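Architecture and fold: a report
So the chains spell out like this:
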Amino acid sequence: MHMLITGKTKVVGVAGWPIKHTLSPQMHNAAFQALGLDFVYVPFGIPPESLGGAVGALGDLGIVGMNFTIPHKLAVMELVDELSPEAEAIGAVNTIAAREGKLFGDNTDGRGFVMSLKEELDMDAAGKSFVVLGGGGAARGVAMGLGFAGAKSVVVANRTESKAVKIADDLAKVRECHVAVIGNDGEGLRRAVEEAEVLVNTTSLGLHDGDPMPIAPELLHEGLSVCDIVYNPPVTPLLKAASERGLANANGLGMLVHQGAIAFELWTGVYPPADVMRKAITED
Ligand code: ATR
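Figured I'd write up the structure that's included with this text.

Rules used throughout
- Residues numbered from 1 in each chain as written.
- Predicted model: local features only at pLDDT ≥ 70, side-chain atom pairs only at ≥ 80, totals over all residues.
- Heavy atoms only, no water.
- Helix = DSSP H or I, 4+ residues; strand = E, 2+ residues; numbered from the N terminus.
- Buried < 20%, exposed > 50% of the residue type's maximum accessible area, 1.4 Å probe, protein only.
- Contact = heavy atoms within 4.5 Å.
- Areas by Shrake-Rupley, 256 points an atom, 1.4 Å probe, with all protein chains shown as cover.
- Expected span 1.5 Å × (residues − 1).
- Axes fitted to C-alpha atoms, helices over the stretch in contact; angles between N-to-C directions.
- Parallel < 35°, antiparallel > 145°, perpendicular 65-115°, else oblique.
- Left-handed = near helix turned anticlockwise from the far one by under 90°.
- Nonpolar A, V, L, I, M, F, W, Y, C, P; charged D, E, K, R; others polar.
- Near = heavy atom within 4 Å.
- Polar contact = N/O pair within 3.5 Å; in protein donor to acceptor, adjacent residues only side chain to side chain.
- Phe/Tyr/Trp six-rings, centres within 6.5 Å; stacked < 30°, edge-to-face > 60°.
- Lys NZ or Arg CZ within 6 Å of the ring centre and 35° of its normal.

1. Points about the overall build of the protein
- Scanning the protein for helices and strands turns up ten helices and twelve strands.
- A principal-axis box enclosing the C-alpha atoms of the protein has dimensions of 60 × 40 × 35 Å.
- Counting all 284 residues of the protein, 50% fall into the buried class.
- Put simply, 67% of the contacts in the protein that link residues at least 6 apart link residues at least 24 apart.
- Total accessible area on the protein stands at roughly 13300 Å², and carbon and sulfur atoms take up 53% of it.

As structure tokens, then:
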């Protein structure tokens, strides 16, 4: 890929620690190039103790936007001038944009998931009922995104019930949406899935060979759509079981692409072509 960088080129990037394995530069730079935008996206390896200094210097360096990944998403919250309602609700920032000398913090993960539903399954989250498996940061992002998008109901189910309770309580505070929690009781989960239109796995089960399924495959009923936020491997055992039953399903690549696309739009004003971004990270 040839990019001409000049004194006029606007700089954005991603801060993480470590940062070597990020796919975001490929994804964003391909979209800048496809649209002919004079931007460049650069990875920054920033250890936690340097985060405050780095964010404080963005303005002086003329950097117009940043993504934040592990381990910075929580700490960045304290370093921005303004937070979006979603960043506040999720309790984490994955994107900032510099606007008139101020830093605006947002979280595009939940909206990215909602956009991927639209793009891949042609589904509007509004009015639908969801079961979200998991209780970590990813579950929180997805649950809040669904709430903000007008989901009818969100049931959060996690091995550690207290974490699911916290997510459901926080969602109930910010959005009118039927929210419930189920713990480890198999019967509760069975009933919740039976009534749901969409099941979303946000647990890490499926990332590694030999992982157990996050849910018993018998619970995958006709008409259920199944999403996994894992994208590597592209087909988790859960998604394979969904396909075998003829159910609509999608992996986490769409969420990765669209959380990036929404950040891209914040910085440039243009929603980038998702297919270009997707191709950039799936083809060598
Ligand atoms: P992230 O921030 O990406 O969501 P995380 O906080 O590590 O990552 O969350 C991983 C999720 O996978 C958690 O919901 C975890 O359940 P606990 O909250 O009970 O730890 C879930 N998870 C991981 N291994 C699991 C397993 N063997 N069985 C059930 N859930 C599991």
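2. A closer look at unusual backbone geometry
- At the junction of tryptophan 17 and proline 18, the peptide bond is cis and its omega measures out at 0 degrees in the coordinates.
- Following asparagine 232, the chain continues into proline 233 via a peptide bond in cis, with omega recorded as 10 degrees.
- Structurally, proline 233 can be placed in the loop between strand E11 (225-228) and helix H8 (237-244).
- Here glutamate 100, not a glycine, exhibits a phi torsion of approximately 45 degrees, which is positive.
- Looking at the element boundaries, glutamate 100 is found in the loop between strand E5 (95-99) and strand E6 (102-106).
- With a relative accessible area of 84%, glutamate 100 lands in the exposed category.

3. Considering helix H1 (residues 24-35)
- The end-to-end C-alpha distance of H1, which contains twelve residues, comes to 17 Å, matching closely the 16 Å that a straight helix rising 1.5 Å per residue would cover.
- Of the residues making up H1, those classed as buried are Ser24, Pro25, Met27, His28, Asn29, Ala30, Ala31 and Phe32.
- Structurally, H1 contributes buried residues whose contacts are with strand E1 (10-16), strand E2 (39-45), strand E3 (63-68), helix H9 (253-268) and helix H10 (274-282).
- The first or second residue beyond H1 is glycine 36, which carries a positive phi of 65 degrees.

4. Brief notes about the packing of H9 against H10
- Remark: H9 packs on H10, axes separated minimally by 10 Å, with the N-to-C direction vectors making an angle of 125 degrees. Relative to H10, H9 is oriented oblique. Judged by the sense of rotation from one axis to the other, the crossing of H9 with H10 is right-handed. Residues Leu253, Gly254, Leu256, Val257, His258, Gly260, Ala261 and Phe264 of H9 form the contact with H10, whose participating residues are Ala274, Met277, Arg278, Ile281 and Thr282.
- Split by residue class, the contact of H9 with H10 holds eight nonpolar, four polar and one charged.

5. Side note on the site of the ligand
- The local shell around the ligand consists of Gly134, Gly135, Gly136, Gly137, Ala138, Asn158, Arg159, Thr160, Lys163, Thr203, Ser204 and Leu205.
- Measuring from an oxygen atom of the ligand, one finds a side-chain N or O atom of arginine 159 at 2.9 Å.
- Threonine 160 has a polar side-chain atom sitting 2.5 Å from an oxygen atom of the ligand.
- In isolation the ligand has 650 Å² of accessible area, and contact with the protein removes 62% of it.
- For the shell around the ligand, the class distribution of residues is two nonpolar, eight polar and two charged.

6. Focus: the packing of aromatic side chains
- Going through the model one piece at a time under the given rule, you end up with three aromatic pairs.
- Both rings, one in phenylalanine 32 and one in phenylalanine 39, keep their centres 5.1 Å apart while their planes meet at 20 degrees; by these two values the pair is stacked. Like phenylalanine 39, phenylalanine 32 is buried.
- With a centroid separation of 6.0 Å and an interplanar angle of 45 degrees, the aromatic rings of tyrosine 41 and tryptophan 267 are classed as tilted. Separated by 226 residues along the polypeptide, tyrosine 41 in strand E2 and tryptophan 267 in helix H9 bring together distant segments of the chain.
- Given the relative accessible area of 2%, tyrosine 41 is considered buried.
- Taken together, the aromatic side chains of Phe32, Phe39 and Phe264 make up a single cluster linked through ring pairs.
- It is arginine 99 that lies over the ring of phenylalanine 104; its NZ or CZ is 4.4 Å from the centre.
- A cation over a ring is seen here: arginine 175 above phenylalanine 148, with NZ or CZ 4.3 Å from the ring centre.

7. Some words on the packing of helix H4 (residues 109-121) against H9
- Interaxial distance between H4 and H9 falls to 7 Å at its minimum, and their mutual angle equals 120 degrees. Comparing the axis directions of H4 and H9 gives the class oblique. Between H4 and H9 lies a crossing of right-handed hand. Each of Asp109, Arg111, Gly112, Phe113, Met115, Ser116, Glu119 and Glu120 in H4 lies in contact with H9, whose residues at this interface are Gly254, Met255, His258, Gln259 and Ile262.
- When grouped by side-chain class, the residues that make up the contact of H4 with H9 number four nonpolar, five polar and four charged.

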